[in-house]
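Fold and contact review
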Amino acid sequence: MRLKDKVAIITGAGMGMGREAAVLFAGEGAKVIVFDINAEAGQETAALAEQAGGEALFVQGDASSEADVKRAIDEGAARFGALHVLYANAGVLWKDRDKSVVETTEENWDIVQAINLKGPFFLTKHGIPHLQKAGGGSVILVGSISALAGFSLAQDSYTCAKAGLIGLAKSLAVQFGPDGIRCNIIHPGMVDTPLQAPYLDEAKKKAIAAEIPMRRLGLPRDIANAALFLASDESSWMNGAEMVVDGGFYAM
Ligand SMILES: NC(=O)c1ccc[n+]([C@@H]2O[C@H](COP(=O)([O-])OP(=O)(O)OC[C@H]3O[C@@H](n4cnc5c(N)ncnc54)[C@H](O)[C@@H]3O)[C@@H](O)[C@H]2O)c1
């Protein structure tokens, strides 16, 4: 019960790593606010989290809408009485529309920024006052190894949004550390989730796995385990850190 009595909001918890974390957190005693744009997926996650032994509230909304994010935080805090963990997980990877700067429209650039960078701004803007009220807490941002190095297959808006989150993590760490609030960022490598599914077949997965020192793609649980550590008091002196979870890919 590593998250006993903690209340966590996870954006993009309908599928992939967010769902995995919601179920894992609930099994560790957390009360979880499941936030997702996809109602069916979000409701399913909330049911799975309750089956895992925790309490869950699903709130439908768009991470890039300030009103939706604020409503989820307000409803969740009212239902569970407090808020301790903000997990800004929602993100999109639209390789068909977000490419190199020379091939991307302004509209597609902006929408990727709105979900991947402005979303965490809204979550932390409205969530941090609750963490202050609770006497402290943990903010978990999700970057990517694609923000740490250049890749020949470019998704430049995605890369810039994720790189922006590194700056946000450090700024929040310094500003709110004195309030007992820490902020860290996880950089996943290639993880087998619905986000990657449109771009991967079995042959591609095999080829990518061969490039990773651990010789496999990541699983949602690999990232959820890192998030569990950051959400729990075990990481209480970890602040402003970047945690690369990628099977050793970035070490090469
Ligand atoms: N999968 C990877 O290889 C990988 C690698 C590095 C970083 N990441 C990052 O990890 C995070 C989770 O990725 P994933 O692979 O689990 O994604 P996923 O696509 O499998 O799941 C994302 C969830 O977010 C929801 N979502 C999408 N847009 C939303 C919006 N505007 N508002 C609210 N919810 C929204 C989706 O409905 C879905 O349930 C993302 O931030 C992603 O950029 C993923």
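Everything discussed here concerns the structure shown above.
An account of the accompanying structure is given in this report. (Residues numbered from 1 in each chain as written. Predicted model: local features only at pLDDT ≥ 70, side-chain atom pairs only at ≥ 80, totals over all residues. Heavy atoms only, no water.)

1. Concerning the nonpolar core
One finds I10, F25, V32, V34, Y87, I140 and I186 to be the most contacted residues of the largest nonpolar core, which totals 31 residues. Those elements that provide at least two residues to this core are β1 (7–11), α1 (16–27), β2 (31–36), α2 (39–51), β3 (55–60), β4 (85–88), β5 (137–142) and α7 (220–231). It is α7 that contributes the most residues to this core, seven residues altogether. Setting aside residues up to four positions removed in sequence, I186 forms contacts with I140, L141, V142, G143, S144, I223, A226, A227, L230, M243 and V245. In this structure, V7, L131, A147 and L172 belong to the second largest nonpolar core, which totals 30 residues. (Core = buried A, V, L, I, M, F, W, Y, C linked by side-chain atoms within 4.5 Å. Buried < 20%, exposed > 50% of the residue type's maximum accessible area, 1.4 Å probe, protein only. Helix = DSSP H or I, 4+ residues; strand = E, 2+ residues; numbered from the N terminus. Contact = heavy atoms within 4.5 Å.)

2. Notes on the sheet that holds β2
Ordered in space as β3-β2-β1-β4-β5-β6-β7, the seven strands form an open sheet in which the pairing is parallel. The open sheet has two edge strands, β3 and β7 (242–245), and neither has a second partner. With direction set aside, neighbouring strand axes in the sheet form an average angle of 15°. As judged from the three bridges shared by β1 and β4, these two strands associate in the parallel manner. Considered in β4, the bridge of I9 is made with L86. The strands touched by α2 are β2 and β3; relative to β3, the strand with the most contacts, the crossing angle is about 175°. Strands β4, β5, β6 (181–188) and β7 of the sheet are contacted by α7, whose axis makes an angle of about 170° with β6. (Pairing = 2+ DSSP bridges. Axes fitted to C-alpha atoms, helices over the stretch in contact; angles between N-to-C directions.)

3. Remarks on the packing of aromatic side chains
A ring pair, where both rings are aromatic, is described by two values, the distance of the centres and the angle of the planes. Across all of its chains, the model carries three aromatic pairs by this definition. Measuring from centroid to centroid gives 6.1 Å for F25 and Y87, while their planes differ by 25°, and the two rings are stacked. Of this pair, F25 sits in helix α1 while Y87 sits in strand β4; the two residues are 62 residues apart in sequence, bridging distant segments of the chain. For Y87, a relative accessible area of 0% puts it in the buried group. Stacked on the ring of W94, the Lys or Arg R97 has its end atom at 4.2 Å from the ring centre. (Phe/Tyr/Trp six-rings, centres within 6.5 Å; stacked < 30°, edge-to-face > 60°. Lys NZ or Arg CZ within 6 Å of the ring centre and 35° of its normal.)

4. Overview of the pattern of salt bridges
In this structure the tally under the stated criterion is 13 salt bridges. A salt bridge links D233 to K6, with the shortest nitrogen-to-oxygen separation between them at 3.0 Å. Of this pair, D233 sits in the loop between α7 and β7 while K6 is found in the segment before β1, placing the two residues 227 residues apart along the sequence. When its relative accessible area of 49% is taken as the criterion, D233 is described as partly exposed. R19 is the partner of E44 in a salt bridge, and the nearest nitrogen-oxygen pair spans 3.3 Å. One end of the pair, E44, is in helix α2; the other, R19, is in helix α1, and 25 residues separate them in sequence. Classification of E44 as partly exposed rests on a relative accessible area of 43%. (Salt bridge = Lys/Arg side-chain N within 4 Å of Asp/Glu carboxyl O.)

5. Here we look at the packing of α1 against α2
Following both chains from N to C, one finds α1 and α2 inclined at 25°, their axes separated by 8 Å at the closest point. Compared by their axis directions, α1 and α2 come out roughly parallel. In terms of crossing hand, the pair formed by α1 and α2 is right-handed. Contacts between α1 and α2 involve R19, A22, V23 and A26 from the former and A41, E44, T45, L48 and A49 from the latter. (Parallel < 35°, antiparallel > 145°, perpendicular 65-115°, else oblique. Left-handed = near helix turned anticlockwise from the far one by under 90°.)

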